[in-house]
Amino acid sequence: MARMNRMKLVALAAVAAACLGLTSQPAQAADVCSRGAGQYFCEYGVTKKTLPDGSKQEFVIGTDNAVWTRWTLSGKWTTWSSMGGFATSGVTITKVGVNPWEFDVCVLGGGDRQWWATHRYGNGTWSSWSRMLDTPSGPSWPTTST
């Protein structure tokens, strides 16, 4: 009887975890690198983008698994700024539309293992993170926002 109750308890806990969206966390990238007074997971690398005016922007996955960015301003690098999110992949940049200042930053999300993106508008502001319908090489129309 005690064994049956333990089995029911384990099954109930598994169902509750699934319903609440609880998943085991992905393994952390082992090596940490430093760049511009910030730390990031070496495994995910640094993704670089040159903007139309020649300024540069970099993206990394910080040790908190958030996407971080910095850019050049009058030839000097800014400090790192968190873009939020919870990524378990490097950053992929995809071009959208005809405005050369606009692009999407895409990452594989750690909570649901789905692709998520944020859009950079021409004026330099960013959209909220949205889940993508397809991989970064395919359509990037959002299905949900956070």
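Per chain, the residues get numbers from 1 upward, laid out in the order the sequence is written. Per-residue local features are limited, in this predicted model, to residues with pLDDT of at least 70; the limit for side-chain atom pairs, both in listing and counting, is 80 or more; totals at the level of whole chains, interfaces and linings are taken over all residues. Hydrogen atoms and water are omitted, and side-chain values are computed over all heavy atoms in the structure.

The next point concerns the side chain of E58. Residue position: E58 is located in strand 4 (residues 56–61). Of the polar contacts made by the side chain of E58, one reaches the side chain of R35; its length is 2.8 Å. Only heavy atoms enter the contact rule, under which two residues are in contact if any of them lie within 4.5 Å. Other than its neighbours up to four places away in sequence, E58 contacts R35, V46, T47, K48, W68, T69, R70, W77 and W80. Helix and strand definitions here come from DSSP, where helices need a minimum of 4 consecutive H or I residues and strands a minimum of 2 consecutive E residues; each element is numbered from the N-terminal end. Here a polar contact is recorded for every N or O atom pair within 3.5 Å, except that within protein the pair must consist of a potential hydrogen donor and a potential acceptor, and residues adjacent in sequence are included only if both atoms are side-chain atoms.

The next point concerns the packing of aromatic side chains. Only centres within 6.5 Å qualify two rings of Phe, Tyr or Trp (six-membered ring in Trp) as a pair; their planes then separate them into stacked at under 30 degrees, edge-to-face at over 60, and tilted for everything else. A complete count under the given rule lists 4 aromatic pairs for this structure. With a centroid separation of 6.0 Å and 85° between ring planes, the pair formed by F41 and Y44 is classed as edge-to-face. Between buried and exposed lies partly exposed: a residue is buried under 20% and exposed over 50% of the maximum accessible area for its type, with that area taken using a 1.4 Å probe on protein chains only. Classification of F41 by relative accessible area gives buried; the value is 4%. Three or more aromatic residues link up through ring pairs in this structure, and these residues are F59, F103 and W126. The criterion for a charge sitting over a ring is simple: Lys NZ or Arg CZ within 6 Å of the ring centre, and within 35 degrees of the ring normal. The ring of F103 is capped by K49, whose NZ or CZ atom sits 5.1 Å from the centre of that ring. Lying across the ring of W77, R70 places its NZ or CZ 4.3 Å from the centre.

Moving on, we get to the confidence of the model for the protein chain. This prediction gives the protein chain a mean pLDDT of 78; 71% of its residues lie at or above 70. Per residue, pLDDT captures the predictor's confidence, and it can take any value from 0 to 100. Below a pLDDT of 50 lies the segment residues 1–27, which in the model reaches 6 contacts outside its immediate sequence neighbourhood of four places, other chains included. Low pLDDT, under 50, characterises residues 139–146; the stretch is placed with 21 contacts to residues that sit more than four places away or in other chains.

Turning our attention to the environment of S55. Within the fold, S55 resides in the loop between strand 3 (47–50) and strand 4. Judged by its relative accessible area of 15%, S55 falls in the buried class. Other than its neighbours up to four places away in sequence, S55 contacts K49, T50 and T72. In this structure the side chain of S55 is engaged in a polar contact, spanning 2.6 Å, whose partner is the side chain of D53.

Moving on, we get to the side chain of D104. Note that D104 resides in strand 9 (residues 103–108). In this structure, D104 is buried with no salt-bridge partner, the nearest side chain bearing the opposite charge being K95 at 9.2 Å. Among the polar contacts listed, one links the side chain of D104 to the side chain of H119, at a separation of 2.7 Å. Counting rule for charge: Lys and Arg are taken as positive, Asp and Glu as negative, and neither His nor the chain ends is counted. A carboxyl oxygen of Asp or Glu within 4 Å of a side-chain nitrogen of Lys or Arg is what we treat as a salt bridge.

So, on to the nonpolar core. If you look at the biggest cluster of nonpolar residues, it comprises 14 residues, and the most contacted ones within it are F59, I61, V67, V91, V105, V107 and W129. Elements supplying a minimum of two residues to this core: strand 4 and strand 9. Here this core gets 3 residues from one element, more than from any other, and that element is strand 9. V91 has contacts with T47, F59, I61, V67, V105, C106 and V107, leaving out every residue within four places of it along the chain. Buried Ala, Val, Leu, Ile, Met, Phe, Trp, Tyr and Cys residues form a nonpolar core when they are joined through side-chain atoms within 4.5 Å.

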